[in-house]
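Below are the chains, spelled out letter by letter.
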Amino acid sequence: YMDVDLSTDLAALAPLVAPLISGHSDLAIGTRLGRGARVVRGPKREIISRCYNLILKSTLSAGFSDAQCGFKAIRADVAERLLPHVVDTGWFFDTELLVLAERSGLRIHEVPVDWVDDPDSRVDIVATATADLKGIGRMLRGFADGSIPVNTIAAQLGSSRLTAAPNSLFRQAVRFGAIGVASTAAYLLLFMLMQGWAGAQAANLIALLLTAIGNTAANRRFTFGVGGRSNATRHHIEGLVVFGIALAITSGALAGLHALVAQPHHLVEVAVLVLANLVATAVRFVLLRGWVFHPRRSL
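For every chain, the first residue of the written sequence is number 1, and numbering continues from 1 onward in sequence order. Thresholds applied to this predicted model are a pLDDT of at least 70 for local features of residues and 80 or more for the giving and counting of side-chain atom pairs; totals over whole chains, interfaces and linings are not thresholded and use all residues. Water and hydrogen atoms were dropped before computing side-chain values, which therefore reflect all heavy atoms in the structure.

## Some remarks on the nonpolar core
One finds Leu56, Phe64, Leu82, Leu100, Met139 and Phe143 to be the most contacted residues of the largest nonpolar core, which totals 25 residues. Per the convention used, a helix needs a DSSP run of H or I reaching at least four residues, while a strand needs a run of E reaching at least two, with both numbered from the N terminus. Of all the secondary structure elements, the ones that give two or more residues to this core are strand S1 (27-31), helix H2 (43-60), helix H3 (76-82), helix H4 (93-103), helix H5 (125-145) and helix H6 (150-157). When residues of this core are assigned to their parent elements, the largest contribution, 5 residues, is made by H4. Setting aside its immediate chain neighbours within four residues, Met139 contacts Leu60, Phe92, Glu96, Val99, Leu100 and Ile148. Buried Ala, Val, Leu, Ile, Met, Phe, Trp, Tyr and Cys residues form a nonpolar core when they are joined through side-chain atoms within 4.5 Å. Any residue under 20% of the maximum accessible area for its type is buried, any over 50% is exposed, and the rest in between are partly exposed; the area is computed with a 1.4 Å probe on protein chains only. Counting residues in each nonpolar core, the second largest holds 13 residues, with Tyr187, Met194, Ala200 and Ala203 among its members. In this description, contact between two residues means that some pair of their heavy atoms is separated by no more than 4.5 Å.

## Here we look at the confidence of the model for the protein chain
When pLDDT is averaged along the protein chain, the result is 84; 93% of the residues meet or exceed 70. For the stretch residues 160-166, pLDDT sits under 50, and the model shows 18 contacts to residues farther than four places along the chain or on other chains. A residue's pLDDT is the predictor's confidence in that residue, given on a scale from 0 to 100.

## Topic: unusual backbone geometry
One non-glycine residue, Leu6, lies in positive phi territory at about 55 degrees. With respect to the secondary-structure elements, Leu6 resides in the segment before helix H1 (13-21). By relative accessible area, which is 47% here, Leu6 ends up partly exposed. One non-glycine residue with positive phi stands out, namely Ser61, at about 55 degrees.

Given below as structure tokens:
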């Protein structure tokens with residue numbers, strides 16, 4: 001499977017099919033996000049691609065790095081058994097194919113490629129992104145209710161192992177939510193205690209920083225099951241980066257409120273911060289699951 005505009009250098013064709021011919025792998029994909037890849041494309045497409053793959057890692061626990069690079073190969077016997085289970089007939093089909101293959105225990109080989117984006121591409125980015133998100137939601141429901149028969153597919157393919165998600169997304173979301181509720185309650189209490197003498201912005205910073213440290217430690221242990229001291233320093237440093245993003249969201253919301261209303265009531269400030277924290281919480285979960293505590297980085 002290749003893009004018709006030959007965005008991928010054909011020098012990568014032999015490395016793509018070699019692991020299939022040798023029997024080492026069941027599928028092979030080109031990656032624009034792996035080490036050694038050389039990519040020429042605009043910042044918009046770069047950001048969209050990285051965000052999409054981050055969403056896949058955080059929701060479907062995808063282990064491959066680049067779902068939609070238009071440069072893939074699959075063994076014929078694997079395709080005959082796997083493709084009938086692929087529902088999507090649009091741009092999401094290759095993501096669905098890879099997720100099913102990975103969950104069924106098949107081996108996916110990645111080849112860094114040289115990629116030059118076609119500026120005259122006719123792909124509708126908004127429509128494609130919307131369809132992709134719907135596809136992710138459909139697969140999450142399918143794995144949750146068993147309508148996607150991963151075990152049956154694995155048995156049909158003769159796979160000797162399953163590579164299911166190491167931790168249930170639902171279980172992690174519940175634990176993350178419980179910790180988040182406790183953290184939000186602590187945050188609001190600290191904010192209201194300090195708001196009068198420190199000011200809204202300073203109170204927001206201090207309260208969010210204190211609760212973020214405890215929140216990261218609790219999620220590390222209870223949500224994502226990472227114990228011991230291994231990589232603890234890295235986890236907390238990256239947790240502070242995530243905290244910085246959350247701070248930007250909440251502080252931005254607070255600044256926007258003060259730009260609209262000169263002296264808003266304290267309860268209005270609290271309400272705005274609660275809403276902003278809900279957004280920041282969703283962003284934190286995606287980043288913690290798909291980046292900080294992703295299993296391939298925590299081993």
